[in-house]
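# A structural walkthrough
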Amino acid sequence: MIRTAILKNWTMHLRGQGISIILSLSLTIGLLYGVLLIRNDGQFGEELLSFTAGQAASEGRSIFSAFLNAFLSLFCFLLIPYICGFCAIGQIGACFALFAKGLGVGAYLAGFYLQYRWQGIGYCAVAIIPPTVLTILTLLLGCRESIRISNRIFAVVICGAEGKIGLSAIRLYHIKYLIICLFALVSSLISALFSVWFAGMFELT
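What you are looking at is a predicted structure, and each value in this text was computed from that prediction instead of being measured. Residue positions within a chain follow its written sequence, with the count starting from 1. Since the coordinates come from a predicted model, pLDDT governs what is reported: local features require at least 70, and pairs of side-chain atoms require 80 or more to be given and counted, while whole-chain, interface and lining totals use all residues. The basis for every side-chain value is the complete set of heavy atoms in the structure, and neither hydrogens nor water enter the calculation.

### Points about helix 4 (residues 91-116)
With 26 residues, helix 4 ought to run about 38 Å at 1.5 Å a step, and its terminal C-alpha atoms sit 38 Å apart, in line with that. Helix and strand assignments follow DSSP, with helices taken as H or I runs no shorter than four residues and strands as E runs no shorter than two, numbered in order from the N terminus. In the stretch just after helix 4, Arg-117 is the one whose phi turns positive, near 55 degrees. One less than the residue count of a helix, multiplied by 1.5 Å, gives the span that helix is expected to have.

Rendered as structure tokens:
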């Protein structure tokens, strides 16, 4: 009996760690692929790349404009796993959202380095990477909750009545996503403040 309880606890812990590992792997692959595409002269639309990365040219832009760009980008990426959470195989959509975000960030940072070299590294380290980390963490939270509810729906499909999911679980999913959207607002505001404030402090040539 004790062995069964220990095995069950270990399995549940492994499931939780497995979600984080899969999502981190999707993000890492996206980052590396984005860097490799830019390095091999991959062609991206500048506006599409900036939107995917959640960054925009800050010169001449207001804080509100930069905030709106950052929030719309993050909201679109959060919308994908949110919708996929109601699908039994929505795990694929959550992983894709992180892969696409990683690809955009990797390509954006790589292109910034190719254009400005060592000056770009300093600017990215101060003005781009810190808010981008907050953005990615927010998206990770959204994708994790999406996969959790999607796994429960998958259990219903496979196990039938044994894996029944109630309205309380759906309600909790919406509450969690509402909190995540609040995190998205905060991280987008921080991203806007960083991009506008530091734009005048660096002279990139």
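### A few points about the nonpolar core
Within the largest apolar cluster, 26 residues are counted, with the highest numbers of intra-cluster contacts made by Leu-23, Leu-78, Leu-98, Leu-139 and Cys-143. Of all the elements in the fold, those that place two or more residues in this core are helix 1 (2-39), helix 3 (63-84), helix 4, helix 5 (118-159) and helix 6 (167-199). When residues in this core are grouped by element, the largest group, seven residues, is from helix 6. Contact between two residues is taken to exist if any of their heavy atoms lie within 4.5 Å; hydrogens are not considered. Residues in contact with Leu-23, not counting those within four places in the same chain, are Ala-94, Cys-95, Leu-98, Leu-140, Cys-143, Arg-144 and Ile-147. Take the buried residues of types Ala, Val, Leu, Ile, Met, Phe, Trp, Tyr and Cys, join any two whose side-chain atoms come within 4.5 Å, and each joined set is a nonpolar core. Burial classes: relative accessible area under 20% of the type maximum marks a residue as buried, over 50% as exposed, and values in between as partly exposed (1.4 Å probe, protein chains only). Tyr-108, Phe-112, Ala-127 and Phe-198 belong to the second largest nonpolar core, which has eight residues in total.

### Concerning the confidence of the model for the protein chain
Summary of the metric used: pLDDT quantifies the predictor's per-residue confidence within the range 0 to 100. Predicted confidence across the protein chain gives a mean pLDDT of 80, with 75% of residues reaching 70 or more. For the protein chain, per-element mean pLDDT is lowest for helix 2 (residues 46-53), which scores 58, and highest for helix 3, which scores 91. Under a pLDDT of 50 for its full length, residues 3-8 has, in the predicted model, zero contacts with residues more than four places off or in other chains.

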